[in-house]
Structure formats: structure tokens, C-alpha cells
Amino acid sequence: AMDRSEVVDGIREGLMDDWNVLENVFKLLQREETFCADPQKWDKQKIVPFLQPDKLKELINLRIRESEKCSLAEIEELCQQVIHYSVKTSHGRFHNQLFGQLDPFGLAGSLITEAMNGSSYTYEVAPVFSLIETELISTVCQWAGYAKGDGILSPGGSMSNMYGIVLARYKIAPSVKTSGMFGMQPLVLFTSDQSHYSFSKAANWLGLGCNNCVSVRTNKQGQMLLDDLEAKILEVKAQGGQPFFVNCTAGTTVLGAFDDINGAADVAERHGLWLHVDACLGGAVLMSKKYRSLVAGLERAHSVAWNPHKTVGVPMQCSIFITREPDRLLEQCNSTDAHYLFQQDKFYDVSYDTGNKSVQCGRKIDAFKFWLMLKARGYGKYGALVDHAIDMSRLLEDKLRLRSDRYRLVLEQHEYSNVCFWYIPKAMRGQKETPEWWDRLSAVAPKIKEQMAYSGTLMIGYSPLKAHNLGNFFRMVLTCFPVLKQEELDFILDEIERLGEKIEV
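Rules of the game
Residues numbered from 1 in each chain as written. Predicted model: local features only at pLDDT ≥ 70, side-chain atom pairs only at ≥ 80, totals over all residues. Heavy atoms only, no water. Core = buried A, V, L, I, M, F, W, Y, C linked by side-chain atoms within 4.5 Å. Buried < 20%, exposed > 50% of the residue type's maximum accessible area, 1.4 Å probe, protein only. Pairing = 2+ DSSP bridges. Helix = DSSP H or I, 4+ residues; strand = E, 2+ residues; numbered from the N terminus. Contact = heavy atoms within 4.5 Å. Axes fitted to C-alpha atoms, helices over the stretch in contact; angles between N-to-C directions. Patch = residues over 30% accessible without salt bridge, like charges linked within 9 Å, V, L, I, M, F, W, Y side chains within 5 Å. Areas by Shrake-Rupley, 256 points an atom, 1.4 Å probe, with all protein chains shown as cover. Salt bridge = Lys/Arg side-chain N within 4 Å of Asp/Glu carboxyl O. 1 Å grid on protein atoms, 1.4 Å probe; cavity = no way out; pocket = protein on both sides within 12 Å on 5 of 7 lines; lining within 4 Å. Points joined across faces, edges and corners; volume = space filled by probe spheres on them. Nonpolar A, V, L, I, M, F, W, Y, C, P; charged D, E, K, R; others polar. Disulfide = S-S within 2.5 Å.

K.L.:
Describe the nonpolar core, naming the residues involved and giving the relevant values.
P.N.:
Generally speaking, nonpolar side chains in soluble globular proteins are found buried as a group. Counting 64 residues, the largest nonpolar core has Trp 306 and Phe 370 as the members making the most contacts within it. Counting 38 residues, the second largest nonpolar core, distinct from the first, contains Met 428, Ile 448, Ile 492 and Leu 499.

K.L.:
Describe the sheet that holds strand β11 (residues 459–465), with residues and values.
P.N.:
Strand-to-strand pairing in sheets goes through backbone hydrogen bonds, with the strands running parallel or antiparallel. Pairing within the open sheet is mixed, and its five strands lie in the order β1-β11-β12-β10-β9. The strands lining the two open edges of the sheet, one partner per strand, are β1 (94–95) and β9 (407–409). Inspection of the sheet shows β11 paired to strand β12 (residues 470–477) by four bridges, in the antiparallel sense. Within β12, the residue paired with Tyr 462 across the bridge is Phe 474. Contacting β9, β10 (418–423) and β12, helix α15 (residues 379–402) runs over the sheet at an angle of about 15 degrees to β10. Packed onto the sheet, helix α17 (residues 444–455) meets β10, β11 and β12 and runs at close to 160 degrees relative to β11.

K.L.:
Lay out unusual backbone geometry in plain terms, naming residues and giving numbers.
P.N.:
A cis amide bond, omega -10 degrees, links Met 316 with the succeeding residue Gln 317. Turning to its location among the elements, Gln 317 is positioned in the loop between β7 (303–306) and β8 (319–323). The omega angle of the peptide bond from Phe 481 to Pro 482 is 0 degrees, so this bond is cis rather than trans. On the secondary structure map, Pro 482 appears in the loop between β12 and α18 (486–500). Despite not being glycine, Asn 469 shows a phi value in the positive range, around 55 degrees. By secondary structure assignment, the location of Asn 469 is in the loop between β11 and β12. With relative accessibility at 73%, the residue Asn 469 sits in the exposed group.

K.L.:
Give me the lowdown on a nonpolar patch on the surface, citing residues and values where you can.
P.N.:
Together, Val 7, Val 8, Ile 11, Leu 15, Met 16, Trp 19, Leu 22, Phe 26 and Leu 111 make up an exposed nonpolar region whose accessible area comes to about 860 Å². Of all the secondary-structure elements, those providing two or more residues to the nonpolar patch are α1 (4–18) and α2 (21–29). Here Val 7 lies in helix α1. What makes Val 7 partly exposed here is its relative accessible area of 36%.

K.L.:
Describe the pattern of salt bridges, listing the residues and the values that go with them.
P.N.:
One pass over the full model with this rule turns up 33 salt bridges. With its nearest N and O atoms 3.7 Å apart, the salt bridge here joins Glu 58 to Lys 55. With Glu 58 and Lys 55 both in helix α4 (residues 53–59) and three residues apart, this pair spans about one turn of that helix. Accessibility expressed as a relative area gives 63% for Glu 58, which makes it exposed. Ionic pairing is found between Lys 399 and Asp 490, a salt bridge with its closest N-O pair at 3.0 Å. Taken together, the residues Lys 399 in helix α15 and Asp 490 in helix α18 connect sequence positions 91 residues apart. Residue Lys 399 is classed as buried on the basis of its relative accessible area of 13%. When salt bridges that share partners are traced, they join Arg 403, Asp 405, Arg 406, Asp 494 and Glu 497 into one network.

K.L.:
Explain the pairing of strand β6 (residues 274–278) to me, and be specific about the residues and the numbers.
P.N.:
Most of β6 sits inside the fold, with five of its five residues counted as buried. Looking at chain direction, strand β5 (residues 242–249) and β6 are connected through five bridges and run parallel. Counterpart to Thr 249 in the pairing with β6 is Asp 278. Two strands pair when backbone bridges link them, and β6 and β7 are joined in this way by three bridges, in the parallel orientation.

K.L.:
Quick rundown of empty space enclosed by the protein? Include the residues and the values.
P.N.:
Scanning all chains against the criterion turns up two cavities of 30 Å³ or more. Looking at the largest cavity, its volume works out to about 40 Å³. His 388, Ala 389, Met 392, Leu 478, Thr 479, Cys 480, Pro 482, Val 483 and Leu 484 are the residues that line the largest cavity. Taken together, the residues of the lining of the largest cavity break down into seven nonpolar, two polar and no charged.

K.L.:
Can you explain the state of the cysteines? Please cite residues and give values.
P.N.:
Scanning the entire structure with this criterion turns up zero disulfides. Cys 248 forms no disulfide, and the closest cysteine sulfur to it belongs to Cys 280, at a distance of 13 Å. Distance from the sulfur of Cys 420, which forms no disulfide, to the nearest cysteine sulfur (Cys 280) is 18 Å. Owing to a relative accessible area of 0%, Cys 420 belongs among the buried residues under this scheme.

In C-alpha cells:
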């Protein structure tokens, strides 16, 4: 066996050669089949060559060993395998999540971010990136209607929502930061039965308890019922709990529904509660002219979460949290004395050190890729793309109505770029729609989904809606990229029908 100094010397001497791996990787990234972004080729390129986990484990050598000697060519081969068997989320027929195809300018920003390998906590370590984050936060605050705002980028919408809850708790009970929640009456938060599960998770993580995350009923459109919100607040007060936080959803995960922010703000103000808006999905309308009114009243919310990686095409992940609270509340709430990082006697203006606002220490730079996109196109163009995605969703509803013998909309009109519908196979058409028939219909989407996976031609998610006792239906999601033409909508419906005739119901 080589002794340690030989190993270390060997690595040192070969290191500059190792950097050549980047050339190989850049070559892979320039191949069309890595992204499948060209509409001319979608018919021929699979979104994913789907394999079951056991089969995939046989094909790719996943084992991690103490000693390896891989040549650059072998490393390139490994990378090629990983790309080949991964889902091509930039393929224009990937509509499976709330995110879709990348904006190339966003990917360019991501590559530079990774290469610079900085961290967002101090200006010292990330000078340009710190200024960019500050600029982006201040711009989004303006869009939201905050005269003076503050904010931070976080690792995902679940974390952004948690920032809102922690800030609201700090405002109502600042001593919790130092003394904890011992002996306090239960703090209770309210959110709709169609809101994201991150509120329940946050209640667990923050020691509030999931039972103190109260679920408010929704109407048929998926919007929170304000009279039920009011009733639940009064009920909690009567039982000795302390309401402190209301969440409005701007774009629910399944139906894409928008709660009435002005109405919720009235209720919250009446009871002295913090109003947060989870606009992780629907925040993209901030750049739109036509659909900006979906978030009317946003300036009345104390805090907002928005994920530009949804709808807009920013690479994963990009998640913005903003608050209109003055006096550096975000910093007061989250800061600790980390003397080795946030020295106050530095050689530059330490107000650009954002780390004291964050619950993290090291923090990935997520602002640059979005900023670069905005520099490349200006936010007006993204507004036009958001409008286009929503308009295409309304057109898809029209096309579904034209095929009403085989398709059924969950809502006659959705508010955003999600469209939910059932497909009715031939064998089930023209029958009496009994509870048993609906149970059978609920099994259709998962079976077609399996056909989609193996054919690689299309990826669309499905979901039930437990709050309204609805069985599985498809949830089609339109995003800014790909910029679809209407013929593509016909392909989607034709393809579901083609796959739908292969299943047993």
C-alpha cells in the first residue's frame, strides 16, 4: 500500500489535470439530449427511460469504496449514464411538477454560482452576490407594495413559510427567543384545508404542535372561507388558545386557487393577527399586468413567500421571503452573536452582511440566477410569459369542454395555470355515475400515469382532493417555459387518450 504522503503528493501533482474533467462535462451539457428543449425533437426524445429501482441499481455502479481509480473517460461515462436515466425536466412535455423547463439564462447563472462556490452570509465572502440579493429583495418588496421591506432567500418555500411563522411568534412573544414556550397558553395558527403541508410541518418543528395548526374550510373553487376562519379564531380564543398567525394561499398546490387577501386582512386586523401570504406558486403574477389582481391586497400582508423556480423557469431552487415589518425585525428575531462571522469592526459597511437575518449559517447563493434572467429580458417579458401560461390554461379548459364525452373538468374555470380534469375511458362512458363508478374513475389517472412513465412521451401528475372528497384526477401545470403553442395542447389530450385505451378499468 502506498503511504499517505505518496497519495497526497500524487493528488497534488495531478490536480491541474483533474480540472480537465470540466471540458468533458461541458461537452455533455451541450448535447441536445441532455435538455430535450427543442420542440422539433420532442416526438423523438423520451422524457425519461423509466426503470424500477432494482433494475437501475444493476445498471449504474452506485457502490462507494475506499479505493477508486477512475479515468476522466470513465467519469464522463458515469455522468452520461446519470443524465441518460434522469428525468429531463426541460423536455417540453414534462408537466409533472409546479416547475418545468429552465430558462437558459437562469442555468447560465446557476453554473456561475456553482463555480464561484460562495456563501451568502457576508459581503466579505460574496461581495457581488450580496449586493444582488439586496437589490432583488428590494425590487420584490416594491412589486408587493411594501414601502420599506426586508427579506431573505431561503432554501425552499417550506422554509420561507417557517420564516413567516417565526417572525410572527417573535412579534407577539419576543421572550420565546430566549426563554422558550414553557408555561405559555398555546399559540395557534390558521390556514386553509387546501394550503401546503409545510404549515403543519412548521408547527411540529417550532414546538407549536400540529394540533395548533387549525385547518379552515374552503369553497368549491378552493378558496378559504372567511366566515369559517372567523369562527375558528373565536373558538380557539374560547378554549384558551392564543391565535397569532393567519396564512392566505395565493395559488394552491392542486387547484391553483387564490384566497381573498383583502378579506383575510380584515379578519386578521380585527383580531390583531399576523397575516402571511404563501404565494410560493402564484407570486409570479407580481410581474404580470393582466393577472396582478389575483393578489390584490398583498401590501396588507405582514410577510410573503414566493418561489420563482415555480412557473417562471428559474433553476431549482429560488425561494424569496419578504416582510413589511420595519426596524430590522428579521434580524432581531434570527440573530445570535457569532463573533467569528459578524464582527462589527470590519473594514466595510456591515449592513450588507445578510447572515444575521438567516436561520442558516452557510447559505447557497440563489439570487444571481434570477437576477441574470431579469437582466437578460426585463421583468415585463416574464409578465407576458406568465399571462401566456395562464391564457393557455383557459384555452386547455375550452379544448377539454369540446371533448366532454371523455374529459371532465374538476372546476369549470381555474384561476391560475393549473388545470385539473378526469379522463373517462371508452369502457366507462355513458354509464350511470354511481359512487362505484367514481371509485373506478379514481383508478384511471394512476394507471395512465404508469403508461406515461414507460412510454416517456408525457409527464403529468395526478392528485385526489381529500378536502372535497374527490378521487384522483390529472393536474396539468403550465409554466413560462416551454412557451407552448396551442397545437401542443391537442397533443397532450390525444396522448392521454392513446394511453388511456391501453389500461384495464
